Amino acid sequence: MNQLTYSKNKEPMRCLLIFVTIFSSLLLGSLDVSARGTGPADWLIRNPHTGIFYREDRYHLAVGEAKRVIKGTKIRKGPEHLDVVLALNDLGFLYYIREKYALAEPLYKEGLRITEKAYGTNHMRVADSLNDLAEFYRIQGKNSQAMPYFERLLELWTKGLGPGHRQVRRILKIFALSCQAEGHTTKAALLEKRGQATGELIEKINEVGYDHPDVAKSLNGLALLYRSQGKDKMAEPLYKRALSINMNALDRDHPDVATSLNNLASLYKTQARYTLAKPIFLRALEIREESWGPDHPYVATSLNNLAMLYVAQGEHIQAELLFKRALAINEKALGPDDPEVVAILFNYASLYRSMKRDEEADAMGKKAEEIRARLQ
């Protein structure tokens, strides 16, 4: 949605609001368009009497009727009934189209508060109010105020609708533009990458179907982007889906299954869900040893990951044995001056520090730094 240049003519604003309101209402099922009247105003104004005044351009009567409906609904059904939200939105919209933003803002916020109280903050029904507020601020050019609502809306719709849904892709674009406008270029770039990865996922699904290993690779890539943004909860279902696809489409001992297992276990380790991570890491290691042999760098990667899990659990003796084996594999297979060797040396050094073996830790760290310097 493009930025709007304001003038005394309100028709561009009305067209924009028609789009936003219909879009969010249809998505969440809050309106039955087939049961409505013949004009767009019937979709924007829920109460029929208020809608009549609005269509007849009797603005002050429409505002008075909207206020009467709010008061009456609160008396009949209680101040926090969901019908109150609809009435609040009617009045908020009437203020909004006349650019009386200071009057409209508390009405939209009150609608959000009531909806959250009724359904909880993470329910899909809350998305309608979040979308209204995000657009309310964005259209005014108040991107910094819009961004928190876009953030919540994006997470809610991604979980509820799936990362490839057109609504999710739309919000990614708009949210990125808002971030860019506020100078948050890094966040904007990450959102754009998510949008690009999501688009590639949809293209791959259209090309090969939902259950193809290539789709699993796209899912893993998108999950990795989520993790880079600290959104591990959103990454987990994608990793699980990728694992399911690979286990069904490939042999259960296939190396790609080991990769999916490793990704999921690494996520659990980061979340300190060690009892879930350990058997998955072990299964990934087993598959890689069977597929590539005991001395392959992929095996060293699994050994390193499992060792880091043991470090986190305080099982230092087991971790040391795994680091020692992983280091030997990579030094032999890749050479002593390889980045993978450096990574294991640093992890090995951190283990020694945990064990209070500072001299060995210093020596290991120094060796890693020297190799890294030679690689630059």
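Just so you know, these numbers come straight off a predicted model, no measurement behind them.

Thresholds, definitions, all that
- Residues numbered from 1 in each chain as written.
- Predicted model: local features only at pLDDT ≥ 70, side-chain atom pairs only at ≥ 80, totals over all residues.
- Heavy atoms only, no water.
- Helix = DSSP H or I, 4+ residues; strand = E, 2+ residues; numbered from the N terminus.
- Buried < 20%, exposed > 50% of the residue type's maximum accessible area, 1.4 Å probe, protein only.
- Phe/Tyr/Trp six-rings, centres within 6.5 Å; stacked < 30°, edge-to-face > 60°.
- Lys NZ or Arg CZ within 6 Å of the ring centre and 35° of its normal.
- Contact = heavy atoms within 4.5 Å.
- Lys, Arg positive; Asp, Glu negative; His and termini not counted.
- Salt bridge = Lys/Arg side-chain N within 4 Å of Asp/Glu carboxyl O.
- Polar contact = N/O pair within 3.5 Å; in protein donor to acceptor, adjacent residues only side chain to side chain.
- Expected span 1.5 Å × (residues − 1).
- pLDDT = per-residue confidence, 0-100.
- Axes fitted to C-alpha atoms, helices over the stretch in contact; angles between N-to-C directions.
- Parallel < 35°, antiparallel > 145°, perpendicular 65-115°, else oblique.
- Left-handed = near helix turned anticlockwise from the far one by under 90°.
- Nonpolar A, V, L, I, M, F, W, Y, C, P; charged D, E, K, R; others polar.

### Remarks on the overall build of the protein
On a plain count of helices and strands, the protein comes out with 18 helices and zero strands. The burial tally for the protein puts 47% of its 376 residues in the buried class.

### Concerning the packing of aromatic side chains
Enumeration according to the criterion identifies twelve aromatic pairs in this entry. In textbook terms, an aromatic cluster arises when at least three aromatic residues are bridged by ring pairs, as seen for Y96, Y101, Y108, F136, Y137 and Y149. Between the NZ or CZ atom of R98 and the centre of the ring of Y59, over which it lies, the distance is 4.0 Å.

### Some points on the side chain of T198
For T198, the location among the structural elements is in helix α10 (residues 185-208). In this structure, T198 is in contact with P163, G164, R169, L172 and L222, ignoring residues within four places of it in sequence.

### Quick look at the side chain of D338
Within the secondary structure layout, D338 lies in the loop between α16 (316-334) and α17 (339-354). Buried charge without a salt bridge: D338, with R374 as the nearest opposite-charge side chain at an N-O distance of 12 Å. At 2.9 Å, the side chain of D338 and the backbone nitrogen of E340 are in polar contact. Setting aside residues up to four positions removed in sequence, D338 forms contacts with I371 and L375.

### Examining the pattern of salt bridges
Under the definition given, this model contains 27 salt bridges. Here E286 makes a salt bridge to R283, at a shortest N to O gap of 3.1 Å. With E286 and R283 both in helix α14 (residues 274-292), this residue pair falls three residues apart, about one helical turn. Residue classification places E286 among the partly exposed positions, given a relative accessible area of 38%. Look at R283 and you get partly exposed, because its relative accessible area is 26%. E289 serves as the salt-bridge partner of R325, at 2.9 Å between the closest nitrogen and oxygen. Note that R325 is positioned in helix α16 and E289 in helix α14, a separation of 36 residues in sequence. For E289, a relative accessible area of 28% corresponds to the partly exposed category.

### Some remarks on helix α7 (residues 126-139)
An ideal rise of 1.5 Å per residue puts 20 Å on 14 residues; α7 measures up with 20 Å between its terminal C-alpha atoms. Just downstream of α7, G141 is the residue with a positive phi angle, here 85°.

### A look at the confidence of the model for the protein
Confidence in the prediction of the protein, expressed as mean pLDDT, is 87, and 88% of residues score 70 or more. Here helix α1 (residues 11-28) stands out as the least confident element of the protein, with mean pLDDT 39; α14 is the most confident, with 97. Segment residues 1-43 is flagged for pLDDT under 50; beyond a separation of four residues in sequence, or across chains, it makes 74 contacts in the model.

### As for helix α11 (residues 213-228)
Compared with an ideal rise of 1.5 Å per residue, which puts 16 residues at 22 Å, α11 spans 23 Å between its outermost C-alpha atoms and is within 8% of the ideal. Where α11 is concerned, the buried positions are P213, V215, A216, S218, L219, N220, L222, A223, L225 and Y226. If you follow the buried residues of α11, they end up packed against α8 (143-161), α10, α12 (232-249) and α13 (255-270). Note on α11: the residue one or two positions beyond its end, G230, has a positive phi of about 75°.

### Some words on the environment of L303
Position of L303 among the secondary structure elements: in helix α15 (residues 297-313). Residues L303 and L285 lie 18 residues apart in sequence; the distance between their C-alpha atoms is 7.0 Å. Beyond its immediate chain neighbours, meaning those up to four positions away, L303 contacts L285, L322, R325, A326 and I329.

### Things to note about the environment of G72
For G72, the location among the structural elements is in helix α4 (residues 59-77). We classify G72 as buried; its relative accessible area is 18%. When the C-alpha atoms of G72 and A87 are compared, they prove to be 9.9 Å apart, with 15 residues separating the residues in sequence.

### Examining the packing of α11 against α12
Close contact between α11 and α12 brings their axes to 8 Å; oriented N to C, the two are set at 165°. With respect to each other, α11 and α12 are oriented roughly antiparallel. For the element pair α11 and α12, the recorded crossing hand is left-handed. Of α12, the residues touching α11 (which contributes P213, V215, A216, L219, N220, L222, A223, L224, Y226 and R227) are D232, M234, A235, L238, Y239, R241, A242, I245, N246 and A249. Residues belonging to the contact of α11 with α12 are distributed by class as follows: 15 nonpolar, two polar and three charged.

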